[in-house]
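This is what each chain is made of:
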Amino acid sequence: MDSFVFAAVLFAAACHAGWNAVIKFGLDPFTTTVLIALVAGLVALPLVPVFGLPASAAWPWAFGSIILHLGYYIGLTEAYRTGDMGQVYPIARGTAPLMTAAMSAALVGEQLGAFAWAGIAVLAGGVFLMSARGGRELAHIDRRAVGFALFTAVTIAAYSIVDGIGARVSGNAHAYTAILFVGDGVVMAAYGFLRRGRAVAAAVRRHWLSGLVGGTLSLVAYGIAIWAMTVAPIAIVAALRETSVLFGAAIAVLVLKEPLRAVRVAAALMIVSGLALIRLQ
């Protein structure tokens, strides 16, 4: 992975933390997530004629990814509904790198070196530590929130592999991204209408600006990651995306006023150390 791709994925991680923070503002997590997915699809729609359609071989992967993303959004919103961002976000993102690395080795045949495996392990450990003693009550971790966060991690690992393969066979990662987000928007809009009816349409009208910010950040964040997976190992890109917990922790403390503990500082140092090991690969 060259320096430009490395920096681009880190920028994508910051964007990812940003759109996750938007979920915590204004509306309930479910409605906000539907809003962001819908608006991201609308933003991606004009890109389809610009980039064209992906190769036919990529369509099954795109459809599979849309289903996995639906599971991801459901798990994420349920986790945020019952737990603090500072707890949910690290757990949801922290389990995924090791899962993705193992799956990419088994399914895609990507072989990582010792530095890469060590970096992923250290980074994942830091992400887990970041969530220590999280939740609304400091004395314990909210089990329901953690359960949904772990379910979300499984979907993250699965769609990372699916999208990495889909983008590689598409012939154009940007075309694949545009179609994926349009499909996500349609599916989430339909799901939101089934769950909440006209309340979703009313939310779009009232909070379109928040949706535009969150949707654009979501499109940029994952669009960069999908492109990066076509020029670098999927597991490495997936691991680097998890540095978003550093940005997420900063947002949780500075904006959402969640408590900062010494253990989270130690976790941040672990994540940076893991990042350095991956860079040495």
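The shown structure was predicted, so the numbers you read here are calculated from the model rather than taken from an experiment. (Residues numbered from 1 in each chain as written. Predicted model: local features only at pLDDT ≥ 70, side-chain atom pairs only at ≥ 80, totals over all residues. Heavy atoms only, no water.)

1. Looking at the pattern of salt bridges
Turning to step 1, where the next piece is worked out: Taken as a whole and judged by the stated rule, the model has two salt bridges.
Turning to step 2, where the next piece is worked out: Of the charged contacts, one joins E78 and R144 as a salt bridge, the two residues approaching to 3.3 Å between their closest N and O atoms. Taken together, the residues span a long stretch of sequence, with E78 in helix α4 (residues 59-82) and R144 in helix α8 (residues 143-170) at a distance of 66 residues.
Turning to step 3, where the next piece is worked out: Between E110 and R168 there is a salt bridge, with its nearest N and O atoms 2.6 Å apart. A residue pair is termed long-range when its members are at least 10 positions apart, and E110 in the loop between α6 (96-108) and α7 (114-130) and R168 in helix α8 qualify at 58 residues. (Salt bridge = Lys/Arg side-chain N within 4 Å of Asp/Glu carboxyl O. Helix = DSSP H or I, 4+ residues; strand = E, 2+ residues; numbered from the N terminus.)

2. Quick look at the packing of aromatic side chains
Turning to step 1, where the next piece is worked out: Applying the stated criterion across every chain, the model contains five aromatic pairs.
Turning to step 2, where the next piece is worked out: Pairing Y72 with Y73 gives two aromatic rings, centres 5.4 Å apart and planes at 55 degrees, and the pair type is tilted.
Turning to step 3, where the next piece is worked out: A ring pair is formed by Y159 and Y222, whose centres lie 5.5 Å apart and whose planes are at 85 degrees; its orientation type is edge-to-face. Highlighted residues: Y159 in helix α8 and Y222 in helix α11 (residues 208-228), separated in sequence by 63 residues. You'll find Y159 and Y222 in the same group, each marked buried.
Turning to step 4, where the next piece is worked out: Taken together, Y72, Y73, Y159 and Y222 form an aromatic cluster joined through their ring pairs. (Phe/Tyr/Trp six-rings, centres within 6.5 Å; stacked < 30°, edge-to-face > 60°. Buried < 20%, exposed > 50% of the residue type's maximum accessible area, 1.4 Å probe, protein only.)

3. Here's the deal with the confidence of the model for the chain
A low pLDDT means the predicted coordinates there should not be read in detail.
Turning to step 1, where the next piece is worked out: Predicted confidence across the chain gives a mean pLDDT of 84, with 91% of residues reaching 70 or more.
Turning to step 2, where the next piece is worked out: Across the chain, the element-wise mean pLDDT spans from 72 in helix α5 (residues 85-94) up to 96 in helix α3 (residues 47-51). (pLDDT = per-residue confidence, 0-100.)

4. What to know about the side chain of T95
Turning to step 1, where the next piece is worked out: In this fold, T95 is placed in the loop between α5 and α6.
Turning to step 2, where the next piece is worked out: For T95, a relative accessible area of 14% translates into the label buried.
Turning to step 3, where the next piece is worked out: Beyond its immediate stretch of four places on either side in the chain, T95 contacts F128, L150 and A153. (Contact = heavy atoms within 4.5 Å.)

5. A look at the environment of F6
Turning to step 1, where the next piece is worked out: Note on placement: F6 falls in helix α1 (residues 3-22).
Turning to step 2, where the next piece is worked out: Look at F6 and you get buried, because its relative accessible area is 13%.
Turning to step 3, where the next piece is worked out: In this structure, the C-alpha to C-alpha distance between F6 and I278, residues 272 residues apart in sequence, is 10.0 Å.

6. Points about the side chain of T31
Turning to step 1, where the next piece is worked out: The residue T31 is located in helix α2 (residues 29-44) in this model.
Turning to step 2, where the next piece is worked out: Here R196 takes part through its side chain, which lies 3.0 Å from a polar atom of the side chain of T31. (Polar contact = N/O pair within 3.5 Å; in protein donor to acceptor, adjacent residues only side chain to side chain.)

7. Observations concerning the packing of α6 against α8
Turning to step 1, where the next piece is worked out: For the pair α6 and α8, interaxial distance at closest approach is 9 Å and the crossing angle is 40 degrees. Between α6 and α8, the angle falls in the class oblique. Viewed along their axes, α6 and α8 form a crossing whose handedness is right-handed. Side by side, α6 and α8 meet where A96, M99, T100, M103, S104, L107 and V108 of the first sit next to A153, V154, I156, A157, A158, S160, I161, I165 and R168 of the second.
Turning to step 2, where the next piece is worked out: Along the lines of polarity and charge, the residues of the contact of α6 with α8 split into twelve nonpolar, three polar and one charged. (Axes fitted to C-alpha atoms, helices over the stretch in contact; angles between N-to-C directions. Parallel < 35°, antiparallel > 145°, perpendicular 65-115°, else oblique. Left-handed = near helix turned anticlockwise from the far one by under 90°. Nonpolar A, V, L, I, M, F, W, Y, C, P; charged D, E, K, R; others polar.)

8. Some words on helix α14 (residues 262-280)
Turning to step 1, where the next piece is worked out: Here α14 spans 28 Å end to end across 19 residues, near enough to the 27 Å set by a 1.5 Å rise per residue.
Turning to step 2, where the next piece is worked out: When we look at burial in α14, the residues that qualify are R264, A267, I271, G274, L275 and I278. In an axial view of α14, the angular spread of the buried residues amounts to 105 degrees, which keeps them on one side of the axis. In α14, those exposed residues whose orientation departs by more than 90 degrees from the buried face are A262, L269 and L280. (Expected span 1.5 Å × (residues − 1). Arc of directions from axis to C-beta.)

9. A short note on the environment of Y176
Turning to step 1, where the next piece is worked out: Relative to the helices and strands, Y176 resides in helix α9 (residues 173-196).
Turning to step 2, where the next piece is worked out: Classification of Y176 by relative accessible area gives buried; the value is 0%.
Turning to step 3, where the next piece is worked out: Taking the C-alpha atoms as reference points, Y176 and S3, 173 residues apart in sequence, are found 24 Å from one another.
Turning to step 4, where the next piece is worked out: Once residues lying within four places of it in the same chain are set aside, the contact partners of Y176 are P54, A58, W61, A62, S65, V162, D163, G166, A167, S170 and I226.

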